[in-house]
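Tertiary structure, described
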Amino acid sequence: MAAQSSLAEFVKRRFTQRTEDVLTAYLCLLPWIVGFLAFTLGPLVFSLVLSFFQADLFTRNVFVGLGNYVDLVQDPLFLKSLRITAIYAFVSVPLGAATALAVALLLNQKVVGLGVWRTVYYLPSVISGVAVAVLWMQIFNPRMGLINNALKVVGIEGPSWIFDSTWALPSLIIMSLWAVGANMLLYLAGLQGIPTHLYEAAKIDGANVGRRFWHVTIPMLSPTIFFNVVISLIAAFQFFTQSFIMTNGGPNNSTLSMVLFLYRKAFQQTRFGYASAVAWVLFAIIICFTLLFIRSSSLWVYYAGEERNE
Amino acid sequence: MNSMIDTALISNARRVWHPFFRQLGLLVLVLPGASLFLIPWLWMLSTAGKETALIWKTPPVWIPPVYHWENFIKAWFQGDFFVYYLNTFYISGMNVIGILISSVLAAYAFARIRFPGRDILFVVVLSTMMLPRQVTLIPLYMIFSELGWINTFKPLIVPLFFGDAFSIFLLRQFFLTISRELDDAALIDGCRRLGVLFRILLPLTRPALAVVAIFNFTWAWNEFFTPLIYLDSPKLFPITLGLHRFIGRAQIDIQFLMAMTIVSTLIPIGIFFLTQRYFIQGIVITGIKG
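Thoughts on the overall build of chain A
The secondary structure content of chain A amounts to 13 helices and two strands. The C-alpha radius of gyration of chain A comes to 26 Å, more than 25% above the 19 Å expected for a compact globule of 310 residues. Over its C-alpha atoms, taken along the principal directions, chain A stretches across nearly 90 × 75 × 35 Å. When burial is assessed residue by residue, chain A has 40% of its 310 residues classed as buried. By sequence separation, contacts in chain A at least 24 residues apart represent 68% of the contacts at least 6 residues apart.

Examining helix α12 (residues 258-268) of chain A
Counted residue by residue, α12(A) has eight buried out of 11 residues, so it is predominantly covered. Every buried residue belonging to α12(A) is among A:M258, A:V259, A:L260, A:F261, A:L262, A:Y263, A:K265 and A:A266, and all of these are buried. Residues of α12(A) that are buried make contact with α3 (76-107), α11 (241-246) and α13 (272-300) of chain A together with α6 (134-146) of chain B. Looking one or two residues beyond α12(A), the residue adopting positive phi is A:T270, at roughly 45 degrees.

Focus: the domain arrangement of chain A
Under the domain assignment, chain A is made up of domain 1 (7-50) and domain 2 (69-309). One C-alpha centre belongs to domain 1 of chain A, the other to domain 2 of chain A; they are set 38 Å apart.

Examining the nonpolar core
Judged by nonpolar contacts, the single largest core of 152 residues is most densely connected at A:M184, A:V278, A:A279 and B:Y108. Setting aside residues up to four positions removed in sequence, A:A279 forms contacts with A:S47, A:L262, B:Q134, B:V135, B:L137 and B:I138.

Here we look at the interface of chain A and chain B
Residue-level contacts link 71 residues of chain A with 69 residues of chain B. In terms of residue count, the dominant contributor to the side of chain A that touches chain B is helix α1 (residues 7-50) of chain A (20 residues). Grouping the constituent residues of the side of chain A that touches chain B by class yields 53 nonpolar, 14 polar and four charged.

Overview of the environment of B:F175
Residues and elements named next belong to chain B. Turning to its location among the elements, F175 is positioned in helix α8 (residues 165-176). Residue class for F175 comes out buried when judged on the 23 C-beta atoms lying within 10 Å of it. Once residues within four sequence positions are removed from consideration, F175 is found in contact with A107, Y108, A111, R112, L201 and T205.

A look at α6(B)
Residues and elements named next belong to chain B. Compared with an ideal rise of 1.5 Å per residue, which puts 13 residues at 18 Å, α6 spans 19 Å between its outermost C-alpha atoms and is within 8% of the ideal. Taken residue by residue, α6 has Q134, V135, T136, L137, I138, P139, L140 and Y141 as its buried positions. After α6 finishes, the residue G148 shows a positive phi value of roughly 75 degrees.

Things to note about the domain arrangement of chain B
Residue and element names in this part refer to chain B. Domains assigned within chain B are domain 1 (2-71) and domain 2 (79-286). Taking only C-alpha atoms into account, the centre of domain 1 sits 36 Å from that of domain 2. Between domain 1 and domain 2, the residue contacts involve eight residues of the former and eight residues of the latter. No other element matches the four residues that helix α1 (residues 2-48) contributes to the side of domain 1 that touches domain 2.

Rules and cut-offs
- Sequence positions are assigned chain by chain, starting from 1 and proceeding in written order.
- Ligands are numbered from 1 and chains lettered from A, in the order in which they are written.
- Since the coordinates come from a predicted model, pLDDT governs what is reported: local features require at least 70, and pairs of side-chain atoms require 80 or more to be given and counted, while whole-chain, interface and lining totals use all residues.
- The numbering of helices and of strands both runs from the N terminus, where a helix is a DSSP run of H or I of at least 4 residues and a strand a run of E of at least 2.
- Here the globule rule reads 2.2 Å times residues to the power 0.38, and the radius of gyration is calculated from C-alpha atoms.
- Counts of 20 or more other C-beta atoms within 10 Å of a residue's own C-beta define buried residues, counts of 12 or fewer define exposed ones, and intermediate counts define partly exposed ones; C-beta atoms are placed from the backbone.
- By definition, residue pairs are in contact when their C-beta atoms, positioned from the backbone, come within 7 Å.
- For the domain bounds, the source is a domain assignment made automatically or taken from a database.
- Joined through C-beta atoms within 7 Å, a set of buried Ala, Val, Leu, Ile, Met, Phe, Trp, Tyr and Cys residues constitutes a nonpolar core.
- Only Asp, Glu, Lys and Arg are considered charged, only Ala, Val, Leu, Ile, Met, Phe, Trp, Tyr, Cys and Pro nonpolar, and every remaining residue, Gly among them, polar.
- Given the number of residues in a helix, its expected span is that number minus one, multiplied by 1.5 Å.

Here it is as structure tokens:
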């Protein structure tokens, strides 16, 4: 029995259990650690180094210092892609968040056929970006497409959408709204986590629907909104498939995203050093915005558990 | 007293009438949005069964007088969609196997075992989720090209046998919901650490394994960027690349294109309908996009 075992024996058993634990843990983690070093950390460092070289598949690598970055800042096409990516991210993400939240608020009511509506709104998020792009290419078709036919009914001659350099980027943004279903589900889950007694208390205090929304729903939902917006921004900065398939960056480079620019430099012109510099600029932008967002979160995100610490 | 009775009466009346009008009001708000989301699907279905002349008609004909089901068969054989389907099944299946094996082990270590460096390593896992993949893309391409892996499935499969951050995170969250007392009891009874994982935790977290499998299968099915980078020959293409190749053909009829777009989405949609409960649960728990 444990009570009779000597201290030495006890310590020894604890010790062997502990050694076994540590060994088992690292054994379990071994694949991930190897994978992380080989497929993430190694390539990450390598790509930073590469961005200081003029490098392609066939010629010898030449160290150019910050040369690639200097060239980038002077490359009008890169600057354009930067602007397009920023517009896409900063328009599509807030629009998408607002749409998702509005739908979630509606579906949080006890409306008949809830499961059906939820599925209808969510389904576009299940299919591939390629399928969405191919479908919307036809919907945006100026002659036979759905949108211009609908506009014709109300007497409007629609633009050429993805074939028109002013309308191409807005077209991609409109299309992105079709896939807000996943965000909608997250908001729905967030809404269902808000305790009803908060609403009841607010009601007793005489708060109307609007005030209950601003003073109960929004603060309680702010962690979900925060998380969603961060994830969506990171994804939006990397937009590629839509413009690659639908417009190939055109017309007149009006939908040239940063990743499409990178793809061309790396895999069509094999300028690996230059493309690595683009990747690092993209990475830096994403890190900056994520950190900025996390920093600002204490101003507007409300965590229910926080108060206890004060 | 009187006023109390009054309020009781009013709320009673509300209980009868209010819900009806409330439902009506809600439906008026829900229906237009839902139709906007649904119409592209219906249009795609309608277009896929049309003959060429009908497609260019304005105003559009929603229900073609004859629905040409043979469009699907013709398009299927025009592109090599059978090959694309087989490739996609293979790639997605291997992804799921690789991710399950490696991520279950890592998640177990993070959730259940105390060891030096655990917290730092877990932060590393979380931060890799935020990493844009473009930043490792070019070195990986160069490495895989040195290894002679370009134009093989290996770059799409092998890395996943080394764990996937999302799946590790998700499985860890699930493991944490299961009481530790079960582990301790098994350990006291002389069970080894790994025995605890296979005999206690895994049988209890089958739904979590299902969520991980379903998500990763769907993601792999929909993946475009990675195969675009690594695969050149059409006989290796997954369905996304196949569809892209199909558009690229000089004179492809729109109805054929729509038919194959529908065909390419059948598996993810089918998976979603069959496993809706797991699907939604998984999205909610991890907070990630489907």
